[in-house]
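What follows is each chain in one-letter form.
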Amino acid sequence: MWDGVYDVIVVGAGHAGCEAALAAARMGCKTALFVINSDRIAEMSCNPSIGGVAKGTVVREIDALGGEMAKNIDATGIQFRILNKKKGPAVRAPRAQADKYAYRERMKRVIEETDNLDVVQQIVDDIIVEDGKVKGVVTHLGAKYGAKAVVVTAGTFLRGKIIIGFEEFEGGRMWEPAANKLSSFYERHGFRVARLKTGTPVRIDGRTIDFSKMERQDGDEPPPFFSYWTEPKEIEQIPCWLTYTTPETHRIIRENLHRSPMYGECKLITGVGVRYCPSIEDKIVKFPDKERHHVFVEPEGRNTVEFYPNGTSTSLPYDVQEQIIHSIPGLENAKIIKPAYGIEYDFVDPTHLYPTLETKLIRGLFNAGQINGTTGYEEAAGQGIVAGINAALYAMGKDERFVLGRDEAYIGVMIDDLVNRGVREPYRLFTSRAEYRLLLRYDNADYRLAKYGYKFGLLTREQYERVKRKYETVKVFIEKLKEIKIKPSESPVEIKETKSAYELLKRPEVKLEDILKVVPVKVSVDDEKLLREILEEVEIEVKYEGYIKRQLEEVRRFRKLENVKIPKDFDYDVVPISIEEKQKLKEMKPLTLGQAARLEGIRPASIPILSIYIEKWK
Ligand code: FAD
C-alpha cells in the first residue's frame, strides 16, 4: 500500500529540485517534492549570488524555458550588474547579489502556491524498482510513495561529511543531516558512485567590519534584471566591498598546512575539489608566488548583519580561520558568526545518463544537479528544468524527449559534457566550454529556447508572442538601417562618402544610439523594456554579423551528425570498428551520431563507417 501516489517525485528541494518539481507540476503532473528540511528550500549553501559569466546565461536560458530562478532573483536580489560590459557579447553576463533568506522564502512560496505540487519533509532512503522501471520511493519513516518517474537532486547530501580541521561530523551541509542511505541504492543497481568535495568561508558580523579600508562596488543603474518578464522597477541596491589577502594571511596558512584535513598528516578529505573555486589554502599551495588574492565582502541579505568573504573558503581549524580573517585589511576586528567548513559527498557518475538526464540503467529515474558531479546553483537549476520536463513527458507516457544541443544552450553544452565525458572534478560552466558561444549569448536566450518553454506549456502564448515580435522587429529594424543613408555631414564619425546606417554601425567605434540621434528609426513598440532589448539585439547582430554567420555555418555541419539518430536496437557488432569502440558505444548508448563522435576513444575515421551502417539498418 502506498502512502501517496504521484506522477513525478522529486527528491531534493535545492536549485535543481525546485526547477524540476515546478516544471513537472506546471506541465500538469501530480508532483511531490521531498526535502530534508522544508524551511531550507532553495537554500544558497555557499555564495549569496546568482549568475556570472556563463552561469548568468544559464539563468536566462532557464527563464526562456519557463523556469523560476531568474524571476526569483529579480524579486529578491540586492545588487544587479552586467559583467564584462566592455568585452564582446559572447562573454557578457548578468550577476546579482542575493538576499539569501528572501530568495529561499519566495521560492518556497512559489512552490506552495503551485497546483499539483506537494512538499514532503522526509528523507528518501531507497527507490523502488520493478522490471527495470522506477515505481516509487521509501522514506526514513518507512513510508512508501508511488511514482511513474523519480528525479533525484540530492546535492551535497549523499553520505555528506563536514570537516573543520581534524574535526569531522556527518551532514549534508551545516546543521542539516546527511542522506546516508540513498547512495547504496545506486551502488546496488550498478551505478559508479565516487567522492567530491567543496567548501565555504566563514560568515562575518558586518558591524565589526571596517569598510573604509575596502573598495566599494556598486550595482548598475537601472538594475539589469535577469528575467525577460520582469518589469523595470527601482530598488535600493546594496554595495559589495573588495579587499585582499596579505603576506601575513599567506604566512598563517603556510604555517598551519599540517593542520589541514587535505594537506596535513591526517588526510580526512580525499574527494576531488573545485579547481576553479579553490579554498584559500589551495590557492596558497598552488600559486605560491602570488602576492595577494581578491576577497569580495558580500552582504547576505537586507535584514541580516552577516557578510560573506568570497575567496576565503577553507577547511582549516577554527583558530586558524580567525587568524586568517584578522590578517585581511578591514577585517582586523571582524567577529565570526559562522565557521568555514569543507564538505565531502557522494556523486553518481553522469555517464550513466542519457542527455535527457534519465539513467540508462533504470527507466523513469532521472538525476540532476550536484549529484551529477557539477557545482553551482545555476548548473544545478539548468539540469533540474531539463530533468523535470523529461520526467513529466515520461510520466505522461509520451515518446517525446527534450534534449538541448550544444548549439542551442549552455545547458546543452553542460549536459553533453557530463553524459559523454563524465567528471573527474566538480564541473563548472565557462564560456570556453561552448564552441558556439557567440550564438549562446545571454541576450538571445529567448530566441533560442522560448519555443520549447511554450511547447511544454511553461510559457504562456502571450510570453511567446512577445519573443516572436521582438525578433521580427529586429529583422525589420536591420533592413531599415540598410536603407537609411547617412551623409558625411550627418555622420557621428568622420566619413568621406555617404554610407548606409547599417555600414556605419559595423564600425567598432559607432554605437546604435549615435546613429539614432541623427536618423531616428520608427518601430511600433511602445514597451520601453522590449525596445531596449530590440536595440541591443540589432547592435550585436549587425556588429558581429560576420562571426555569427561563420558560427552558423559550423552549426550546420555539426547538425548533420547530430540529426542522424541511432536506432535503439542498433547492433554495433555488425560495424567494422575496433572492439574497444564497440564496447564504448554499447556502454554509452549514444542517441545520435554526433554524440557518438564526441565520446572518448571513438576515432573520427569510425564515424563515416558508423553512418553507413546506421543508414543500412533503418
Ligand atoms: P542542493 O542545493 O545541495 O540541494 C539538495 C536538496 O536535496 C536539499 O533540499 C536536501 O534537503 C535534499 N535532499 C538530499 N538528499 C535527500 C533525501 N535522501 N531525501 C530528501 N531530500 C534530500 N557551489 C559553487 O558554485 N561554488 C562554491 O563555492 C560552492 N561551495 C559550496 C560549499 C558548501 C559547503 C556546500 C554545501 C555547497 C557548495 N556549493 C558551491 C555547491 C552548491 O551549493 C550546489 O552546487 C548547489 O546548491 C547544488 O544544487 P542541488 O539542487 O544539486 O543541491
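Residues numbered from 1 in each chain as written. Predicted model: local features only at pLDDT ≥ 70, side-chain atom pairs only at ≥ 80, totals over all residues. Heavy atoms only, no water.

**Student:** Would you mind going over the layout of surface pockets with me for this structure?
**Tutor:** The probe, sized like a water molecule, is rolled over the atoms to show the empty space still left. Put simply, the second largest pocket is a space of about 1300 Å³. Secondary structure elements with two or more residues in the lining of the second largest pocket: α14 (512-518) and α15 (528-543). If one sorts the elements of the lining of the second largest pocket by residue count, α15 sits on top with nine residues. Among the residues forming the lining of the second largest pocket, the class breakdown is 14 nonpolar, three polar and 21 charged. (1 Å grid on protein atoms, 1.4 Å probe; cavity = no way out; pocket = protein on both sides within 12 Å on 5 of 7 lines; lining within 4 Å. Points joined across faces, edges and corners; volume = space filled by probe spheres on them. Helix = DSSP H or I, 4+ residues; strand = E, 2+ residues; numbered from the N terminus. Nonpolar A, V, L, I, M, F, W, Y, C, P; charged D, E, K, R; others polar.)

**Student:** Looking at this structure, how should I read empty space enclosed by the protein?
**Tutor:** Throughout the structure, instances matching the rule amount to two cavities of 30 Å³ or more. Considering only enclosed or pocket space, the second largest cavity measures out at about 30 Å³ in volume. Along its surface, the second largest cavity is lined by G14, H15, C18, E19, A42, M69, Y103, M107 and A381. Elements with a minimum of two residues in the lining of the second largest cavity: α1 (15-26) and α4 (100-112). Here the lining of the second largest cavity gets three residues from one element, more than from any other, and that element is α1. Its residues assigned to classes, the lining of the second largest cavity shows six nonpolar, two polar and one charged.

**Student:** Even after reading the chapter, I still don't get the packing of helix α2 (residues 55-64) against helix α11 (residues 445-455), so can you show me in this structure?
**Tutor:** A pair of packed helices is captured by two measures, namely the crossing angle of their axes and the spacing between those axes. Their axes nearest at 7 Å, the elements α2 and α11 cross at an angle of 35 degrees. Remark: the crossing between α2 and α11 carries right-handed chirality. On the side of α2, the interface is formed by T57, R60, E61 and A64, while α11 contributes A445, D446, R448, L449, A450 and G453. Class assignment of the residues belonging to the contact of α2 with α11 gives a composition of four nonpolar, two polar and four charged. (Axes fitted to C-alpha atoms, helices over the stretch in contact; angles between N-to-C directions. Left-handed = near helix turned anticlockwise from the far one by under 90°. Contact = heavy atoms within 4.5 Å.)

**Student:** Where do I start with the sheet that holds strand β5 (residues 93-98) in this structure?
**Tutor:** What holds strands together in a sheet is hydrogen bonding between their backbones, with the strands either parallel or antiparallel. Taken in spatial order, the three strands make up an open sheet running β3-β5-β4, and their pairing is antiparallel. Two strands in the sheet have a free side with no partner beyond their single neighbour: β3 (49-51) and β4 (77-83). The mean inter-strand angle of the sheet, taken between neighbouring strand axes irrespective of direction, is 20 degrees. Of the pairings in the sheet, the one linking β3 to β5 comprises three bridges and is antiparallel in character. Bridged to S49 within β5 is Q97. Contacting β3 and β5, α2 crosses the sheet at an angle of about 75 degrees to β3. (Pairing = 2+ DSSP bridges.)

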